[in-house]
Amino acid sequence: MSTGATLRTLVSADKEIMKLSRTDKGAVYEFQHKFRHNPANPGLHLKQLKGDAKLWSARVNAELRAILLHIAAQDYLLIDVKHRKEVYDDLDRYTYKVNRVTGGIEVIDLEPVGDSIIGRLLPAESAPLFAKFSDAQLLELGVAEPLLEHVRKVSNEEELLALLEIAPQLTADVLFALNDGMTYEQVREQVTDPVRSDDLVDPDDLVAAVARPATQVTSDDEALQAMLGESFERWQIFLHPTQRKLVEKTTSGATRVGGGPGTGKTIVALHRVAHLAAELEAGADKPILLTTFNRNLAADLRTRLIALGGQELLARVEIINIDKLASRIVAESKTGVGKRVVDDTRVADQWRAFLAEIGETGWDAEFLTAEWTQVILGQVLNSRSEYFKARRPARGRPVSREERDEIWRLTERFATWLDNQGIWTWRQVAAEAARLEIDRAARIDEVGPGGSLRHRYRHVVVDEAQDLSAAHWKMLRAMVPVGSDDMFLVGDTHQRIYDNHVTLSSLGINIRGRSARLTLSYRTTRQILAAALEMMTGEVYDDLDGGEDNLAGYRSLLRGGRPTFHAASTWAQEKNNIADQLQAWGNPVDGSVAICVPTRELVAEVTARLQADGVAVVEIGPDGPKGGEGVHIGTMHRFKGLEYQRMIIAGVSDGLVPRQMIGQWRDTEPKRYQRERQRDRSLLFVAATRARDELAVFWHGTPSPFLTHHLVQQQAV
Ligand SMILES: Nc1ncnc2c1ncn2[C@@H]1O[C@H](COP(=O)(O)OP(=O)(O)OP(=O)(O)O)[C@@H](O)[C@H]1O
């Protein structure tokens, strides 16, 4: 008879397991299987450890022992795997406690700090780092009680880092934030509150504690197997408690997750999809839509979703970029058959040609392009009267009723003119798709639940939400019934690089009270992050819903060298500097290094210069890098959502960043000017935050105004 047991593995034990050899990892895997099947199996030598009724050990193989916390009858938690000698020598080193803030179980192995901090007397001259906070305050913020006395002794950053190595997540987050200069109130609001337990915490109730998301455990074999395999990546298993809470929370409606670059928004979106899929009844359809802005990011989401949940998960999820989705809807209805879609960047040229052809000189092509794309198509306005009433929040100058009348007439003629040539734009496709989906949703409502027509999806998850247009949102809204867990949007308005400004509530997407923000960067070092934030100085960003967003509390635990800044007097000299930098990095062609420049022309010129030196270069196209090995190169737009170990941003000169041409609107359309300038600043911010370890910034002539005096001063001599 099998006497099965529950065995979950604490994330901190996973970390230890990952350090083991392949064979030993395999032994742990086997052990877990055996233990779950029958913990009383004599080969497992399950026995209580001296000194604590809840700590047990079991045999993994001849050398390794598992340390287990006994939760309840047949319920165990694997908290560590150690060499057998270490297990029995010093049992006092392990402490476990239920954290009073998060309600999660925290196990701390005090051994590694034994020599560095514990028992050491503080040198008289150095003040402890956290002296100004009382014990009660630190505990209220969630610092683990067993570490309190050690926290008190920390007097420099090195010791802090040593302590953080063994500290539970919340303790690490709190101490780091306090050390960064955040106040008690700020830490409580930004670090502690988001992970606070929803229910009352009883520190003696291990059963309740192990079930809370704050007890970070892995329990299913698939996750374990992935972890033991070669292909495992940390994000697949180790979610930060703040991330996990967002992934698992049942919401009463649409939810938005914001947060700076690299804080794991995409990771959260992927896990959210997996979570929603796990809750679905079995079936062969695809009730979940996962969408993003461009093609290469959709391809990347697909790869990562397979890594997370395999083909089984993929089978329940539609992954498609937003414009392709719109064009599929349009194709399904047979609208636009035979028409070719032209790139939106060419719309102004089309308007110019049209105005010239009809001899219209009273209107500026740029103005009409923006009005047509932003307001008329952007908001899916179907009639002149709708346009008369439309709000034009992100547009520059006001337009009178007579002018609106004229604009409407012109846009109708323009659409026909395009149609006669057999072309239309992505914006038109999106507006048409929204219209079709809104009609479809109305038909569903009319017939009621008994009808055969259904909403296309049960859940919609959107990455890079900041770049979708109002038409896109209207289409998505109509595709999913309003209700719990209907829409999950992740994005960062600081990274908006297409000119789409929306207020979600006006589009039927109500995120009020269901907005959260991630603040811990997993990608970029503190040094790069500080420089990137400095480039954003003075700009104000929206929250997709009429309010303001900011990057307060955005931080990183990673450390590295300072970014470098390189001036040149000419473009030729700048290109030489770029080549020198690459050479100093060893010209790596493994895809770990990328160069990012503001324009297509500069891509071509830098490529030619490097190829002349024999350096292999791979351009990043709309579907990602085109080809094999080489240093990646692309315009700033192409770098959305990507990451590299080392990045060069070149051409960061005045006139290029921001683009000189936007100056034409400085006086005539100041709002538009501000918006375009903000967009260029965001592009630079996106580029700078793609770097994991090293960032080098280059320019010639006058540096971009986004590079502050302080940054320019850091220039290499
Ligand atoms: N919990 C985690 N554990 C380990 N790594 C993580 C975790 N969360 C995120 N990461 C890593 O951090 C990096 C950034 O994650 P992700 O791309 O999801 O961030 P993002 O917020 O979407 O960034 P961006 O806004 O710049 O596109 C990735 O390399 C990811 O694997």
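Quick caveat, the model's predicted, so the values are computed rather than measured.

Calculation criteria
Residues numbered from 1 in each chain as written. Predicted model: local features only at pLDDT ≥ 70, side-chain atom pairs only at ≥ 80, totals over all residues. UniProt positions renumbered as here; feature names shortened; annotations may be inferred. Helix = DSSP H or I, 4+ residues; strand = E, 2+ residues; numbered from the N terminus. Buried ≥ 20, exposed ≤ 12 C-beta atoms within 10 Å, placed from the backbone. Domains from an automatic or database assignment. Contact = placed C-beta atoms within 7 Å. Nonpolar A, V, L, I, M, F, W, Y, C, P; charged D, E, K, R; others polar. Pairing = 2+ DSSP bridges. Near = placed C-beta within 6 Å. Axes fitted to C-alpha atoms, helices over the stretch in contact; angles between N-to-C directions. Parallel < 35°, antiparallel > 145°, perpendicular 65-115°, else oblique. Left-handed = near helix turned anticlockwise from the far one by under 90°. Expected span 1.5 Å × (residues − 1). Bend = angle between axes of the 7 residues up to and from the residue. Right-handed = clockwise from strand over helix to strand, strands pointing away.

Visitor: Honestly, the UniProt feature "binding site: ATP" (unreviewed entry) in the protein chain in this entry has me stumped. Any pointers?
Guide: Residues annotated by UniProt as "binding site: ATP" (unreviewed entry) correspond here to Gly259, Gly260, Pro261, Gly262, Thr263, Gly264, Lys265 and Thr266. Mapped onto the elements of the fold, Gly259 is located in strand β9 (residues 255-259). On the basis of neighbour counts, which here come to 26 C-beta atoms within 10 Å, the residue Gly259 falls in the buried class.

Visitor: Whenever I open this one, the domain arrangement of the protein chain confuses me. Can you help?
Guide: Reports often express the size of an interface as the amount of accessible area lost when the parts come together. Annotation of the protein chain at the domain level lists domain 1 (239-328 + 431-518), domain 2 (340-421) and domain 3 (527-713). Between domain 1 and domain 3, the C-alpha centre-to-centre distance is 29 Å. Of the residues lining the interface, 28 residues belong to domain 1; the matching set on domain 3 comes to 23 residues. Here the residues of the side of domain 1 that touches domain 3 sort into eight nonpolar, 14 polar and six charged.

Visitor: Help me out: how do you make sense of the sheet that holds strand β25 (residues 631-635) in this one?
Guide: Strand-to-strand pairing in sheets goes through backbone hydrogen bonds, with the strands running parallel or antiparallel. One open sheet holds the seven strands; their spatial order is β21-β27-β26-β22-β25-β23-β24, and the pairing between them is mixed. Each of the sheet's edge strands pairs with one partner strand only, and the pair in question is β21 (564-568) and β24 (624-625). Where strand β26 (residues 644-649) lies against strand β27 (residues 691-700), five bridges are found, and the strand directions are parallel. Across the sheet, the residue bridging to Ile648 is Ala696, located in β27.

Visitor: Before we go on, may I ask you to explain the environment of Asn38 in this structure?
Guide: Locating Asn38 in the fold gives a position in the loop between α2 (22-37) and β2 (47-48). With 16 C-beta atoms counted inside 10 Å, the residue Asn38 sits in the partly exposed group. Distance in space between the C-alpha atoms of Asn38 and Thr6 is 9.8 Å, their sequence separation being 32 residues.

Visitor: What exactly am I supposed to notice about the site of the ligand here?
Guide: Neighbouring residues of the ligand: 21 residues in total, closest Pro261, Gly264, Lys265, Thr266 and Tyr522. Its residues placed into classes, the shell around the ligand shows six nonpolar, 10 polar and five charged. When residues are assigned to domains, the shell around the ligand turns out to be shared by domain 1 (239-328 + 431-518) and domain 3 (527-713), each giving three or more.

Visitor: Which parts of the structure should I look at to understand the packing of helix α15 (residues 347-358) against helix α16 (residues 365-377)?
Guide: Each packed pair of helices is defined by two parameters, the angle between the axes and the distance between the axes. Two elements in contact, α15 and α16, have axes whose closest approach is 9 Å; the angle formed by their N-to-C orientations is 120°. With respect to their mutual orientation, α15 and α16 come out oblique. Helix-helix and strand crossings are classified by hand; for α15 and α16 the assignment is right-handed. Mapping the contact onto sequence places Val347, Ala348, Trp351, Arg352 and Leu355 in α15 and Ala365, Glu366, Leu368, Thr369 and Thr373 in α16. Classifying every residue of the contact of α15 with α16 gives six nonpolar, two polar and two charged.

Visitor: Help me understand helix α13 (residues 295-314) in this model?
Guide: In an α-helix, one full turn covers 3.6 residues, which means residues spaced three or four apart are oriented alike. With 20 residues, α13 should cover 28 Å at 1.5 Å per step; its first-to-last C-alpha distance of 17 Å lies more than 12% under that length. The sharpest bend along α13 comes to roughly 100°, located at Leu308. Here α13 has its buried residues at Asn296, Ala298, Leu301, Leu305, Leu308 and Gly309. As for α13, its buried residues are in contact with α12 (265-279), β10 (288-292), β11 (317-321) and β24.

Visitor: What is the right way to look at the sheet that holds strand β4 (residues 64-72) in this model?
Guide: Pairing is mixed across the open sheet formed by six strands, whose spatial order is β2-β3-β4-β5-β1-β8. At either end of the open sheet lies a strand with only one pairing partner, and these are β2 and β8 (217-218). Alignment of β4 against strand β5 (residues 75-83), held across eight bridges, turns out to be antiparallel. Following the sheet pairing, Leu69 is matched in β5 by Leu77. Across the sheet, helix α1 (residues 11-18) touches β1 (6-10), β5 and β8, and the angle it forms with β5 is around 35°.

Visitor: Hey, could you run me through the pairing of β5 in this one?
Guide: Across the nine residues of β5, seven count as buried, placing the element largely inside the fold. Counting the residues that bridge the hairpin from β4 to β5 gives two residues.

Visitor: Please explain the environment of Glu437 as it appears in this structure.
Guide: For Glu437, the position within the fold is in helix α19 (residues 426-447). Look past the residues within four positions of Glu437 in its chain and what remains in contact with it is Ile329, Met475, Ala478 and Met479.

Visitor: Would you mind showing me how to read the pairing of β11 here?
Guide: Note on strand geometry: in a regular strand, side chains alternate between the two faces of the sheet. Of the two faces of β11, the one holding Val317, Ile319 and Asn321 is buried and the one holding Glu318 and Ile320 is not buried anywhere. Pairing analysis gives five bridges linking β10 to β11, with the strands arranged parallel. Its bridge partner lying in β11, Thr291 is registered against Ile320. One crossover worth recording links β10 to the parallel β11 by way of α13, and it is right-handed.

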